[in-house]
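Spelled out from the first residue to the last, the chains are:
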Amino acid sequence: MAKSPQFTCTACAATYTKWSGRCENCGEWNTIIEEKPLSAGPSSKSLGSTRGRAIALTDLSTEETPPERTLAGVAELDRVLGGGLVQASALLVGGDPGIGKSTLLLQAAARFARNGLKVIYISGEEAAAQIRMRAQRLGLTESPVALASETNLRDILTTLDTERPDLVIIDSIQTMWADNVEAAPGSVSQVRAAAHELTSFAKRRGISVIMVGHVTKDGQIAGPRVVEHMVDTVLYFEGERGHQFRILRAVKNRFGPADEIGVFEMTGRGLVEVKNPSALFLSERGDPAPGSVVFAGIEGTRPVLCEFQALVAPSPHSQARRTVVGWDGGRLAMILAVLEARCGIPFTGLDVYLNVAGGLRITEPAADLAVATALLSAREDVSLPQDCVLFGEISLSGALRPAVQTENRLKEAQKLGFKTAMAPSSAKQSQINGIAVRQFGDLAGFVGDVFGAD
Ligand code: TYD
Ligand code: MG
């Protein structure tokens, strides 16, 4: 039986019988490609009918030596990598244009080169002279990093084969061009082919490869999602243009914890690591103000304190606005619904703005209580004590759920001079690490206690 061709979206893997310019499932343009069936033609048999090679099997107890790692010597970078760069690993670093990816990777290249790795930096975007100028500005001209400006993947692979570096940096994967693929550079098929060639070549030769990937408007790495599956580690470099903070976040890591962050500051001389992010995120806090609360959060393995700011005002529109920066919009809607349904506090007819100060993006559900408090504080025009932190997840029933790593959160708060914490009632003591912990079982009880019965 002749197989009809199958078309697959490279972004979401939806399948179609016909090609079209736009995927109906995910809405992406130009992502649908034809996939040739493996056994084409009427005479071909199924895979199982002809014998292949028997695979050698092992068991789970076989001793495995841990992979060799090299430290950059920059704690913020090494932690995000899960304890240094793993030999023969493939990484993808995504981020908005101009956020500082090339700066970060040039600095990392110099660090790794100084720590004994043979490093090649290949840019498809900038001329070697431009990179040298940046290196000069960053004070890295003495570092033994080999440089090239090239986009032809075949030439790059040949060079890597003769040079045999330990690490190659490709800036960026969207500019690479594989001459065996008939598509324009930057297209889905080119990005997929280039990433596949590079990672499989690097793995075979024991070379680590770091690829830069541009990010689309909606925050995904441009090109097929399959690139993210091909690599061992996916890092996002994020930050707000107006702020000097930059956050390197591990969203996938086969060699370490995901969700780990590294915090940097963009200065005139490149990126400088921030050893105490909490102090930095809270540094712009002024006098107590309604709508401002401090959340004691955990990012990866580290506690990070940050400020949530809310503004609630009567809406001039028939449909009130809900605007969120740095947190999830769906989660905000949920908190507003719980406040209305469980505590009888409606936000109908009120515009709600919520912002995480400093350009940080928070994903932890434990921020719920801080968000609810910021909203209430703004709505009631009541400021919270300056020396108070909050954390705790809110369930749909209005109950407060315990958060992980309570002690670490409180320790960080104490270090920064906070005196009280409001938390779910799982904390066993009322005084931990020198901080008075006020415990609450549900949101209604919390609201009655902190804001007076409403
Ligand atoms: P870049 O690394 O080129 O960003 P990307 O590769 O992500 O597109 O960084 C661009 C911005 O960083 C640019 O606006 C200038 C700024 N910058 C500094 O502020 N200080 C520096 O030392 C360097 C090299 C860049
Ligand atoms: Mg760049």
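As the structure is a computational prediction, the values presented were derived from the model and not from experiment.

## Looking at the packing of helix 2 (residues 101-114) against helix 3 (residues 128-137)
Packed helices, taken two at a time, are described by the angle their axes make and the gap between the axes.
Right, on to step 1. Closest axis-to-axis distance for the helix 2/helix 3 pair is 11 Å, and the angle between their directions is 70°. What the angle tells us is that helix 2 and helix 3 run roughly perpendicular. Here helix 2 contributes S102, T103 and L106 to the contact with helix 3, which in turn contributes I131, R134 and A135.
Right, on to step 2. When the residues that make up the contact of helix 2 with helix 3 are grouped by side-chain class, the tally is three nonpolar, two polar and one charged.

## Quick look at the sheet that holds strand 9 (residues 167-171)
Right, on to step 1. Taken in spatial order, the nine strands line up as 8-7-9-10-6-11-12-13-14 in an open sheet, and their pairing is mixed. The strands lining the two open edges of the sheet, one partner per strand, are strand 8 (145-149) and strand 14 (270-273). Ignoring which end each strand starts from, the neighbouring axes of this sheet average 25° apart.
Right, on to step 2. Bridge count for strand 13 (residues 261-267) against strand 14 is four bridges, and the pairing is antiparallel. Counterpart to F264 in the pairing with strand 14 is E273.
Right, on to step 3. Contacting strand 7 (119-123) and strand 8, helix 3 runs over the sheet at an angle of about 140° to strand 8.
Right, on to step 4. Along the sheet face, helix 5 (residues 188-205) touches strand 6 (90-95), strand 9 and strand 10 (208-214) and points at about 165° away from the line of strand 10.

## A few points about the pattern of salt bridges
Right, on to step 1. A complete count under the given rule lists 20 salt bridges for this structure.
Right, on to step 2. Taking the shortest distance from any N to any O, the salt bridge between E76 and R302 comes out at 3.1 Å. Note that E76 is positioned in helix 1 (residues 75-80) and R302 in strand 16 (residues 302-314), a separation of 226 residues in sequence. Judged on exposure class, the residue E76 and its partner R302 are both buried.
Right, on to step 3. A salt bridge links E238 to R361; the shortest N-O distance between them is 2.6 Å.

## Section: unusual backbone geometry
Right, on to step 1. Note the cis peptide between D171 and S172, where omega equals 5°.
Right, on to step 2. Secondary-structure assignment places S172 in the loop between strand 9 and helix 5.
Right, on to step 3. Although it is not a glycine, D259 sits at a positive phi angle of roughly 70°.
Right, on to step 4. Position of D259 among the secondary structure elements: in the loop between strand 12 (245-253) and strand 13.
Right, on to step 5. Using a relative accessible area of 41% as the deciding quantity, one classes D259 as partly exposed.

## Observations regarding the environment of P257
Right, on to step 1. Mapped onto the secondary structure, P257 falls in the loop between strand 12 and strand 13.
Right, on to step 2. Once residues lying within four places of it in the same chain are set aside, the contact partners of P257 are G82, A250 and T301.

## Quick word on empty space enclosed by the protein
Right, on to step 1. Tallying each qualifying case throughout the model produces three cavities of 30 Å³ or more.
Right, on to step 2. Of the voids in this model, the largest cavity is the one considered here, and its volume is about 70 Å³.
Right, on to step 3. Lining of the largest cavity is provided by L77, L81, L91, V93, L104, L105, A108, F112, I210, L235 and L248.
Right, on to step 4. At four residues, helix 2 tops the list of elements feeding residues into the lining of the largest cavity.

## What to know about the site of ligand 1
Right, on to step 1. Near ligand 1 lie 16 residues; those nearest to it are G98, K101, S102, T103 and G270.
Right, on to step 2. Take G98: an N or O atom from its main chain is 2.7 Å from an oxygen atom of ligand 1.
Right, on to step 3. R137 has a polar side-chain atom sitting 3.3 Å from a nitrogen atom of ligand 1.
Right, on to step 4. In isolation ligand 1 exposes 560 Å². Once the protein is present, 75% of that is buried.
Right, on to step 5. Counting only elements with at least two residues in the shell around ligand 1, the list comes to helix 2, helix 3 and strand 13.
Right, on to step 6. Looking at the shell around ligand 1, the element that brings in the most residues is helix 2, giving three residues.

## Examining helix 11 (residues 443-451)
Right, on to step 1. For helix 11, the set of buried residues is L443, F446, V447 and F451. Along helix 11, the residues classed as buried sweep out an arc of 100° about the axis, all on the same side.
Right, on to step 2. At the exit of helix 11 stands G452, carrying a positive phi of roughly 75°.

## Quick look at the side chain of T373
Right, on to step 1. As for its placement among the helices and strands, T373 is situated in helix 9 (residues 368-380).
Right, on to step 2. We classify T373 as buried; its relative accessible area is 0%.
Right, on to step 3. Of note is the side chain of T373, whose polar atom sits 2.6 Å from the backbone oxygen of L369.
Right, on to step 4. The contact partners of T373, leaving out residues within four places of it in the chain, are V293, L384, L390, F446 and F451.

## Let's talk about the sheet that holds strand 1 (residues 6-9)
Right, on to step 1. Strand order in the open sheet formed by three strands is 2-1-3, with antiparallel pairing between adjacent strands. Either end of the sheet is taken by a strand with one partner, and the two such strands are strand 2 (15-16) and strand 3 (32-35).
Right, on to step 2. Alignment of strand 1 against strand 3, held across four bridges, turns out to be antiparallel. By the bridge assignment for strand 3, T8 is matched with I33.

The rules behind each value
Residues numbered from 1 in each chain as written. Chains lettered and ligands numbered in written order. Predicted model: local features only at pLDDT ≥ 70, side-chain atom pairs only at ≥ 80, totals over all residues. Heavy atoms only, no water. Axes fitted to C-alpha atoms, helices over the stretch in contact; angles between N-to-C directions. Helix = DSSP H or I, 4+ residues; strand = E, 2+ residues; numbered from the N terminus. Parallel < 35°, antiparallel > 145°, perpendicular 65-115°, else oblique. Contact = heavy atoms within 4.5 Å. Nonpolar A, V, L, I, M, F, W, Y, C, P; charged D, E, K, R; others polar. Pairing = 2+ DSSP bridges. Salt bridge = Lys/Arg side-chain N within 4 Å of Asp/Glu carboxyl O. Buried < 20%, exposed > 50% of the residue type's maximum accessible area, 1.4 Å probe, protein only. 1 Å grid on protein atoms, 1.4 Å probe; cavity = no way out; pocket = protein on both sides within 12 Å on 5 of 7 lines; lining within 4 Å. Points joined across faces, edges and corners; volume = space filled by probe spheres on them. Near = heavy atom within 4 Å. Polar contact = N/O pair within 3.5 Å; in protein donor to acceptor, adjacent residues only side chain to side chain. Areas by Shrake-Rupley, 256 points an atom, 1.4 Å probe, with all protein chains shown as cover. Arc of directions from axis to C-beta.

Honestly, it's all geometry; don't read function into it.
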